[in-house]
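Observations on the model geometry
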Amino acid sequence: MTKLTADTFISVDKLTTHYGERLILDKLDLSVRQGEIMVIMGASGSGKSTLLRTMLGLNRPTSGQVKIMGLDVTNASRKQLYQFRRQIGVAFQGGALFGNLSLVDNIQLPLREHTNLDANTIRIMARMKLDMMNLSGFDNLMPSELSGGMVKRAALARAIVMDPQLLFFDEPSAGLDPVVAAELDEYILELKQAMEMTIVVVTHELESAFRIADRITVLDRGKVAICGTIDEVKASNDERVQNLLNRRASREQVTPDEYLELLTRVQATRPHRGDIDG
Amino acid sequence: MVRAITRLGEKTIEQLEHLGHLTVFLMTVISKLFVFPFRYRAVLQQLYFIGAKSTFVIFLASITIGLALGLNLYVELSRLGVQDRLGTAVSLSIVRELGPVITALMVMGRAGSAICAEVGIMRSDEQLDALECMAIDPFKFLMVPKFWATLISVPLLVAIADVIGVFGGYIAGVVIFDVPYGAYWQGVYTSIDWQHLNMGLIKSLVFALVIVWVATGKGFLLHLDKAGVYGAEGVSRVTTQAVVMGSILILFFNFLVSAFMVA
Ligand SMILES: Nc1ncnc2c1ncn2[C@@H]1O[C@H](COP(=O)(O)OP(=O)(O)O)[C@@H](O)[C@H]1O
Ligand SMILES: [Mg+2]
């Protein structure tokens, strides 16, 4: 059970999710306080993005509950969800910029859709955010013409254009060189300080997590391995957490039975030769 | 043997489930087709892409079909000594059957595949999720304009194909062979009445719906595809599936509408 305190912004309660038969999150508990940067860590495939998607109401969980700013996201109506999503910003792993819109049009889109401001005001507001992310002058470039770092910054600019209270960021530093990744971390810290946003960042990069986190939650096999401040996580004597911290590959402990099941499952889902498409 | 039957059963259930998802998708779009505000700018953009940019291929397809039809029918009709009826034969075949079918197949191959790939890419790089997270309904924002544009442009393209096709028949019969100018056009004018044009119109609307439904739906449901591969590979697979499925459905509905309207 997650303890609800006055400043609890997000509370995740016994969250269980599956893809098909496969268990991804297993009765997961988590809480995020107002104004903090919570970093969710875990190896690739540990379910970080799934957790994020469930918190956003994009995936329905098998059971459990996610409460954000008083809304039960997991049981909300479409209307309530849309209302809630107007108050948050999301930057996706690959940027998810719209390929047929220029950079500035991408960033203006939420303002165009949700406000009655005139075109000039919208343009100025979008320019301000581009400026903040050090992207001014690139207004009319198409997403395909942007570098990896620029895409992430653009996604961040679009996520904050409505001045949300809560920001989600999936893998800010994935696929970036260390210098650009560090830059991006600076932007995230700036957002917290200047705009007092509550920020949830998903990452598997240690350096990045240690630079920005107020608290870190480490996911492991669908559960929370540890949740605490940077020092608490560093001091953890959980072997798997230490392995993650020291970048040691921890071999999956698989019993012969599980191994057999794994093999047969792959067999069953592989398309057979001779199947007809369409 | 038992395994084979089990597989067949699983496959069938999978396909039925997929069809169910596609149906729900279609119903959702239709329920939002008339919801305010009408995104006329997006519709115009799509009209340009789906309609205007298809005219050239439609022109090529229908002129060649008209020519070939004119040549073949001339040979048969002149053997019976009724080559004066060429105008009637060509125009009825084109307006009732070939015009709508050829147009629909070309639009499915050209615009349908592009639409499917576009929507599929939006699914695979989370652009559709991004829309959801900005509280923008992807159905109203993306699908509805594509539906309107296709429903408007396919009948217009069919009209173009009809005219060009009949003209192709004219070139074959009158210019190349010896059908009298007056007899050909007389045949065209007298034979075409509302009933035939109606069939052409109904077919074009049905085909338009099939094209845009299969193209957008297949792309939109990319993530539910049981092969479980996303990215470029998944997009190209569902695009191929969409073109095949769309083309077969077009031919099937062509038969169905013909049978229904003749009976
Ligand atoms: N749509 C999906 N369908 C089936 N399996 C999925 C899907 N998305 C992710 N998975 C699987 O679920 C696991 C967790 O994925 P994800 O949450 O993306 O992990 P992370 O973000 O931590 O790398 C992975 O093994 C992944 O292969
Ligand atoms: Mg991920």
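Here goes a summary of the coordinates provided. (Residues numbered from 1 in each chain as written. Chains lettered and ligands numbered in written order. Predicted model: local features only at pLDDT ≥ 70, side-chain atom pairs only at ≥ 80, totals over all residues. Heavy atoms only, no water.)

Once that is clear, we can look at the overall build of chain A. On a plain count of helices and strands, chain A comes out with 10 helices and 10 strands. Within chain A, buried positions represent 49% of all 278 residues. Intrachain contacts of chain A at a sequence separation of at least 6 include 63% that bridge at least 24 residues. (Helix = DSSP H or I, 4+ residues; strand = E, 2+ residues; numbered from the N terminus. Buried < 20%, exposed > 50% of the residue type's maximum accessible area, 1.4 Å probe, protein only. Contact = heavy atoms within 4.5 Å.)

Gaps left between atoms show up when a probe the size of a water molecule is rolled over them. Per the stated rule, a full pass over the model turns up four cavities of 30 Å³ or more. Contributing to the lining of the largest cavity are 15 residues, with Ile88(A), Arg158(A), Ala159(A), Cys133(B) and Met134(B) lying nearest its centre. Elements with a minimum of two residues in the lining of the largest cavity: β6 (88–91), α3 (103–114) and α5 (148–159) of chain A together with α5 (127–133) of chain B. In terms of residue count, the dominant contributor to the lining of the largest cavity is β6(A) (three residues). Class assignment of the residues belonging to the lining of the largest cavity gives a composition of 10 nonpolar, two polar and three charged. (1 Å grid on protein atoms, 1.4 Å probe; cavity = no way out; pocket = protein on both sides within 12 Å on 5 of 7 lines; lining within 4 Å. Points joined across faces, edges and corners; volume = space filled by probe spheres on them. Nonpolar A, V, L, I, M, F, W, Y, C, P; charged D, E, K, R; others polar.)

In this section: the nonpolar core. Grouped together as the largest cluster of nonpolar side chains are 87 residues, with contacts concentrated most on Ile10(A), Ile40(A), Leu51(A), Met55(A), Ile68(A), Phe168(A) and Val200(A). The element contributing the most residues to this core is helix α6 (residues 138–176) of chain B, with 13 residues. Counting 47 residues, the second-largest nonpolar core is a separate cluster that includes Ile107(A), Leu111(A), Leu146(A) and Val201(A). (Core = buried A, V, L, I, M, F, W, Y, C linked by side-chain atoms within 4.5 Å.)

This part takes up the interface of chain B and chain A. At the interface, 22 residues of chain B touch 25 residues of chain A. Summed over the shared surface of chain B and chain A, the result is six salt bridges. Of the charged contacts in the structure, one is a salt bridge between Glu113(A) and Arg39(B), with a shortest N-O distance of 2.8 Å. There are seven residue pairs in polar contact (both at pLDDT 80 or more) connecting chain B and chain A. The set of elements that each furnish at least two residues to the side of chain B that touches chain A consists of α1 (2–31), α4 (86–124), α5 and α6 of chain B. (Salt bridge = Lys/Arg side-chain N within 4 Å of Asp/Glu carboxyl O. Polar contact = N/O pair within 3.5 Å; in protein donor to acceptor, adjacent residues only side chain to side chain.)

With that settled, the discussion passes to the site of ligand 1. In the vicinity of ligand 1, the contacting residues are Tyr19(A), Arg22(A), Ile24(A), Ala43(A), Ser44(A), Gly45(A), Ser46(A), Gly47(A), Lys48(A), Ser49(A), Thr50(A) and Tyr230(B). More than one chain lines the surroundings of ligand 1; the residues nearby belong to chains A and B. In this structure, Ser46(A) approaches ligand 1 through a main-chain N or O atom, which is 3.3 Å from an oxygen atom. Among the elements of the structure, β2 (22–33) and α1 (48–55) of chain A are those that each provide at least two residues to the shell around ligand 1. If one sorts the elements of the shell around ligand 1 by residue count, α1(A) sits on top with three residues. The residue inventory of the shell around ligand 1, partitioned by class, reads four nonpolar, six polar and two charged. (Near = heavy atom within 4 Å.)

What follows is about the sheet that holds β6(A). Sheets are built from strands paired through backbone hydrogen bonds, the pairs being either parallel or antiparallel. Residues and elements named next belong to chain A. One open sheet accounts for six strands, arranged β6-β7-β8-β3-β9-β10; its pairing is mixed. Two strands lie at the open edges of the sheet, namely β6 and β10 (223–228), each paired on one side alone. Neighbouring strand axes in the sheet, compared pairwise and without regard to direction, differ in orientation by 15° on average. When strand β3 (residues 37–41) meets strand β9 (residues 215–220), the two strands line up parallel, connected through four bridges. Note that in β9 the partner of methionine 38 across the bridge is arginine 215. Across the sheet, α5 touches β6 and β7 (166–170), and the angle it forms with β6 is around 165°. Packing against the sheet, helix α6 (residues 178–195) makes contact with β3, β7 and β8 (198–203), and its axis sits at approximately 160° to β8. (Pairing = 2+ DSSP bridges. Axes fitted to C-alpha atoms, helices over the stretch in contact; angles between N-to-C directions.)

Moving on, we come to the sheet that holds strand β5 (residues 71–72) of chain A. Residue and element names in this part refer to chain A. The four strands lie next to each other as β2-β1-β4-β5, forming an open sheet whose pairing is antiparallel. Unpaired on one side and paired on the other, β2 and β5 mark the two borders of the sheet. Relative to β2, strand β1 (residues 8–19) runs antiparallel, the two being bridged by eight bridges. Bridge pairing links threonine 17 to leucine 25 in β2. The sheet contacts of α1 involve β1, β2 and β4 (63–68), and relative to β1 the element is tilted by about 115°.

Residues and elements named next belong to chain B. Residue placement: histidine 223 occurs in the loop between α8 (194–220) and α9 (231–262). With 99 residues separating them along the chain, histidine 223 and serine 124 place their C-alpha atoms 7.3 Å apart. With residues up to four places along the chain from it excluded, the contact list for histidine 223 reads Arg123 and Tyr230. Within polar-contact distance, the side chain of histidine 223 engages the backbone oxygen of phenylalanine 220 at 3.4 Å.

Before going further, it helps to examine unusual backbone geometry. A negative phi holds for most residues other than glycine; trans holds for most peptide bonds. Residue and element names in this part refer to chain B. Of note, the amide linkage connecting phenylalanine 36 to proline 37 takes the cis form, showing an omega dihedral of -5°. Among the structural elements, proline 37 can be located in the loop between α1 and α2 (40–51). The phi dihedral of glutamate 126 is positive, around 65°, even though this residue is not glycine. Here glutamate 126 is to be found in the loop between α4 and α5. A relative accessible area of 18% means that glutamate 126 is categorised as buried. Look at alanine 135: it is not a glycine, yet its phi comes out positive at around 60°.

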